[in-house]
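# Remarks on the overall topology
Here are the chains, one letter per residue:
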Amino acid sequence: MAETFKNILIYEDAQARSRSFLPLTYTRSLAELRSGAFTALERARRLYPEATIYLHAAPQLATVIRERYGLPVNEIPASGATALINARDLFAGSRELVIAESLVAGLREAILSGDPVPAGLVPESNGPKAWWEIMHHNPKQITSDVQLLHATGVPRIDPGQLQHVAVMSPESLFIHPSAKIGAMTVFDCALGPILIEEGVEVMPMTTIIGPVVGAFVIVTMQNYLASTGEFVLVIQGVIFVVIVMAFRKGLVGELSDWWKARRKAGRFPRFWPTST
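Right, let's walk through the structure included here. Everything numeric here is computed off the predicted structure, so don't read it as measured data.

What counts, and where the lines are drawn
- Residues numbered from 1 in each chain as written.
- Predicted model: local features only at pLDDT ≥ 70, side-chain atom pairs only at ≥ 80, totals over all residues.
- Heavy atoms only, no water.
- Pairing = 2+ DSSP bridges.
- Helix = DSSP H or I, 4+ residues; strand = E, 2+ residues; numbered from the N terminus.
- Axes fitted to C-alpha atoms, helices over the stretch in contact; angles between N-to-C directions.
- Contact = heavy atoms within 4.5 Å.
- Phe/Tyr/Trp six-rings, centres within 6.5 Å; stacked < 30°, edge-to-face > 60°.
- Buried < 20%, exposed > 50% of the residue type's maximum accessible area, 1.4 Å probe, protein only.
- Core = buried A, V, L, I, M, F, W, Y, C linked by side-chain atoms within 4.5 Å.
- Arc of directions from axis to C-beta.

## Details of the sheet that holds strand S4 (residues 52–55)
- With mixed pairing, four strands are arranged side by side in an open sheet as S4-S1-S5-S6. Taken across any chain shown, the strands that pair with only one partner, and hence form the sheet edges, are S4 and strand S6 (98–100). Within the sheet, the average angular offset between the axes of one strand and its neighbour, ignoring direction, is 25°.
- In this structure, strand S1 (residues 7–11) lies alongside strand S5 (residues 82–86), joined through five bridges in parallel fashion. Residue pairing in the sheet places Ile10 in a bridge with Ile85 of S5.
- Its contacts with the sheet place helix H1 (residues 40–47) against S1 and S4, and it is angled at close to 155° to S4.

As structure tokens, then:
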């Protein structure tokens, strides 16, 4: 489809600017949110590599997003056909593109001002209406993104070349060439694809629970401490030092030990029967 248009304009409607996507969209546009392997912006770049991407964002975010990605923000393409796509549709299974040689007056004004695109000027979106719907769609999005990586010919390590590594359903495993996989590692893709991205090192007997919790804590702090301005890094640094000093095994490790100790003492019931 990239041959039928020169530009892509990723716009935000009123739902994208609603409270349903807060606090994530306090400091970033909807196109910067991640679901599956990519953010919506990264996904658009992979789907339409030949097109010039224009972003539509809230006025207070336009400058920082422009500096972050080097892309035109809240601007109208000067020439060529433009494909309009709702940022929410980049998280959905189907993406409806509206191709136009020029933008109608009301749409132009909304893009240039950074205001939400009014209903009626563009097709109604079937994309997620809240951040929790993006999270709910995440497993299917990972599957779709792995298929996209295969389809676009992105280099990867052939699972059959891994030494002393067990892989179940190797067709669902995607490993970036720069990743390092330790011997005796097991990848079970029976319930869904596994994506090992650039620079990742996987060793046997490792889990992802700790990193997931850590990422959630960091992102939550960044959003809720955004109002403190430049002091956010200082506050984060103090919190990290306290966690490192107080929780030598990490948050998940210490919580796991505490839970096991309480259960061993009989203060928590077991959730499954024990063999006798």
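Having seen the structure, we can now continue with the description.
## Some details on the packing of aromatic side chains
- Under the defined criterion, the tally for this structure stands at two aromatic pairs.
- Aromatic side chains Phe5 and Tyr48 sit 5.8 Å apart centroid to centroid with 65° between the ring planes, which places their arrangement in the edge-to-face category. With Phe5 in the segment before S1 and Tyr48 in the loop between H1 and S4, this residue pair connects regions lying 43 residues apart in the sequence. Side by side, Phe5 and Tyr48 carry an identical accessibility label, which is buried.
- Centre to centre, the rings of Trp131 and Trp132 are 5.6 Å apart; their planes meet at 80°, and the pair counts as edge-to-face.
- Judged by relative accessible area, which is 31%, Trp131 ranks as partly exposed.

## Considering the nonpolar core
- With 30 residues, the main nonpolar core has Phe5, Ile8, Ile10, Leu30, Leu41, Ile53 and Leu55 as its most contacted residues.
- For this core, the secondary structure elements donating two or more residues are S1, H1, S4, helix H2 (59–69) and S5.
- Once residues within four sequence positions are removed from consideration, Phe5 is found in contact with Tyr48, Ala51, Ala81, Ala83, Leu97 and Ile99.

## Focus on H1
- For H1, the complete set of buried residues consists of Ala40, Leu41, Arg43 and Ala44. The buried residues of H1 occupy an angular sector of 160° when the element is viewed end-on, so they sit on one face.
- Lining the buried residues of H1 we find S1, strand S2 (34–35), strand S3 (38–39), S4, H2 and helix H5 (138–151).

## A closer look at the pairing of S1
- With five of five residues buried, S1 lies mostly within the body of the structure.
- In S1, alternate side chains face the same way, and those of Asn7, Leu9 and Tyr11 on one face and Ile8 and Ile10 on the other are all buried.
- Across four bridges, the pairing between S1 and S4 is parallel. Across the sheet, the residue bridging to Ile10 is Leu55, located in S4.

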